Amino acid sequence: VSEDEDTTYYKSSFGEFNAENLEKLKAATKEQNINEMREGAALLKNDNNALPLKSTEKKISVFGQTAVEPVYQGSSAGTKVTNNTADKTDLKTALEKEGFEVNTAILEAYTLKNVGGGGFGGGGGPGNGIAGGHPEAGTGRGEETPAFYDARMSDVGEYDDAAIVLLSRVGKEGTDVAMQEKDDDNTTVISGLALHSNERAMLQKVRAKFDKVIVLLNIGNQMEVEEVKQYCDAMLYMGLPGHYGFEGIAEILSGKVNPSGHLADTYAVNSLSAPACVNSGTE
């Protein structure tokens, strides 16, 4: 090969690798991440045009342990997005950027309860955005108790235009979502994808307090939502937001962009029909 021969076969559209072009690449990557959420989030329910939120519905309260310990991405190899990652947009920041006023008292209550100290927006501790610093967060068994939510209803105050509730589940290599696990009472056995008793209590209390309830499914896989539907006016499947996807979610809530009407994934009606099913699963 001649020293003068150009051996770069696949050239970057951003040009040479320098500081200026690196910033352009980062900006394009951020926009791509947000676009994936704008185009990939699917509206599963929207009774009485609950979404988008009206211009007068700006003071909102956010519920769910996932609000402070979101599942930013899957558990594959590579660099992880966590609460402690500086270069990211969390849900509160995204909502405020879109003009919403978020009830901080409720979010702070979650952060204080978070035994890992990861907290909303990061604050040290092992909060990892997957299982979080909170015991079993992201499994269905990480939700706070009914007593915790009784106290949170008194924190609502003027932030009652709408409630946003986040639910999550985490499945990853070597740790599938359990086909059977103990519910929050530690005795009843249910599917890991089913609504757990603390989640149900949260939804019931939020439904009784708010005229408008929106559920966000912060999940990279399926979830049983038939029961969830009765407690909300709108349900949005958002998947995993990565570094900046929450900005796309906030734009959907405000009406700046329209969500998809179809899930990005196709799921079998009966997964047990797949031959591989007999060789997969975590007991």
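Predicted, not measured: the structure shown is a model, and the values here were computed from it. One numbering rule holds for all chains: residues counted from 1, following each sequence as written. At least 70 in pLDDT is required for a residue's local features to be given in this predicted model, at least 80 for side-chain atom pairs to be given and counted, and no such filter applies to totals for whole chains, interfaces and linings, which use all residues. Hydrogens and waters are ignored; side-chain quantities use all the structure's heavy atoms.

**What about the overall build of the chain?**
When helices and strands are tallied, the chain shows six helices and eight strands. From first element to last, N terminus to C terminus, the chain shows the α and β order α-β-β-α-β-α-α-β-β-β-α-β-β-α. Counting only residues that meet the buried cut, the chain has 44% of its 283 residues in that class. Only heavy atoms matter for contacts: two residues are in contact if any of them lie within 4.5 Å across the pair. For the chain, the proportion of contacts with a sequence separation of at least 24, taken over those separated by at least 6, is 73%. Surface exposure here means Shrake-Rupley accessible area, sampled with a 1.4 Å probe, where a residue is shielded only by the protein chains that are shown. Per element, the accessible surface of the chain, about 14,500 Å² overall, is 49% carbon and sulfur. The helix count covers DSSP runs of H or I at least four residues long, the strand count covers runs of E at least two residues long, and both are numbered beginning at the N terminus. Relative accessibility decides the category of a residue: with a 1.4 Å probe and only protein chains considered, values under 20% of the type maximum give buried, values over 50% give exposed, and everything between is partly exposed.

**Let's talk about a nonpolar patch on the surface**
Like charges within 9 Å and nonpolar side chains (Val, Leu, Ile, Met, Phe, Trp, Tyr) within 5 Å are joined into patches, using only residues over 30% in relative accessible area that form no salt bridge. Whenever Lys or Arg places a side-chain nitrogen within 4 Å of a carboxyl oxygen from Asp or Glu, that contact is recorded as a salt bridge. On the surface, a nonpolar cluster with roughly 320 Å² of combined accessible area is contributed by Phe17, Leu22 and Leu25. Tracing the chain through its elements places Phe17 in the segment before α1 (19-40). Given a relative accessible area of 76%, Phe17 falls into the exposed group.

**A look at the sheet that holds strand β2 (residues 59-63)**
With respect to topology, six strands assemble into an open sheet ordered β1-β8-β7-β4-β2-β3, the strand pairing being mixed. Of all the strands in the sheet, just β1 (42-46) and β3 (101-102) have a single pairing partner and so form its edges. Only strands that DSSP links by at least two bridges are regarded as paired with each other.

**Quick word on the confidence of the model for the chain**
pLDDT expresses how confident the predictor is about each individual residue, on a scale running from 0 to 100. With 88% of its residues at a pLDDT of 70 or more, the chain has an overall mean of 86. Every residue in residues 115-135 scores below 50 in pLDDT, and together they form 71 contacts with partners more than four places removed in sequence or on other chains.

**Quick word on helix α4 (residues 146-153)**
For α4, the set of buried residues is Phe148, Tyr149, Arg152 and Met153. Axial view of α4: buried residues confined to an arc of 140°, hence all on one face. The directions from the helix axis to the C-beta atoms are what the arc is built from.

**Things to note about the pattern of salt bridges**
Counted according to the given criterion, the structure contains 19 salt bridges. With a shortest N-O distance of 3.8 Å, Lys59 and Glu158 are connected by a salt bridge. Separated by 99 residues along the polypeptide, Lys59 in strand β2 and Glu158 in the loop between α4 and β4 (162-169) bring together distant segments of the chain. Put simply, Glu226 and Lys229 hold a salt bridge, and the shortest N to O gap is 3.3 Å. In this structure Lys229 comes out as partly exposed when scored by relative accessible area, which is 30%.

**A look at the packing of aromatic side chains**
For any two aromatic rings, the description comes down to two numbers: the centre-to-centre distance and the angle of the planes. A pair of aromatic rings is counted whenever rings of Phe, Tyr or Trp (Trp by its six-membered ring) have centres within 6.5 Å, and the orientation is called stacked for planes under 30 degrees apart, edge-to-face for over 60 and tilted otherwise. Enumeration over the complete set of coordinates arrives at six aromatic pairs. Centre to centre, the rings of Phe63 and Tyr149 are 6.5 Å apart; their planes meet at 50°, and the pair counts as tilted. Here Phe63 is found in strand β2, whereas its partner Tyr149 is found in helix α4, with 86 residues between them in sequence. Tyr149 carries the same exposure label as Phe63, and that label is buried. Here the aromatic residues Phe63, Tyr110, Phe148, Tyr149 and Phe210 are joined through ring pairs into a cluster of three or more. Two conditions define a charge sitting above a ring: the NZ of Lys or the CZ of Arg must be within 6 Å of the ring centre, and it must be within 35 degrees of the ring normal. Its end group placed over the ring of Phe100, Lys58 keeps NZ or CZ at 4.7 Å from the ring centre. Positioned above the aromatic ring of Phe148, the side-chain terminus of Arg152 is 4.6 Å from the ring centre.

**Comments concerning the packing of α1 against helix α6 (residues 245-254)**
Packing of α1 against α6 leaves a shortest axis separation of 7 Å and a crossing angle of 45°. In terms of their interaxial angle, α1 and α6 are classed as oblique. In the packing of α1 onto α6, the handedness of the crossing is right-handed. Residue-level inspection shows Lys30, Asn33, Ile34, Met37 and Arg38 of α1 in contact with α6, the latter providing Gly245, Glu247, Gly248, Ile249, Glu251 and Ile252. For this classification, Asp, Glu, Lys and Arg are treated as charged, while Ala, Val, Leu, Ile, Met, Phe, Trp, Tyr, Cys and Pro are nonpolar and the rest, including Gly, are polar. Considered class by class, the residues forming the contact of α1 with α6 number four nonpolar, three polar and four charged. Here, axes are lines fitted to C-alpha atoms. For helices the fit covers the stretch in contact, and angles between N-to-C directions go from 0 to 180 degrees. By definition in this entry, angles of less than 35 degrees are roughly parallel, angles greater than 145 are roughly antiparallel, angles of 65 to 115 are roughly perpendicular, and the rest are oblique. Take the far helix as the reference: if the near one is turned anticlockwise from it by less than a right angle, the crossing is left-handed, and if turned clockwise, right-handed.

**Some details on the nonpolar core**
We call a set of buried residues a nonpolar core when its members are Ala, Val, Leu, Ile, Met, Phe, Trp, Tyr or Cys and they connect through side-chain atoms within 4.5 Å of each other. Counting 57 residues, the largest nonpolar core has Phe63 and Leu95 as its most contacted members. Beyond its immediate stretch of four places on either side in the chain, Leu95 contacts Ile60, Val62, Phe100, Val102, Ile164, Ala250 and Leu253.

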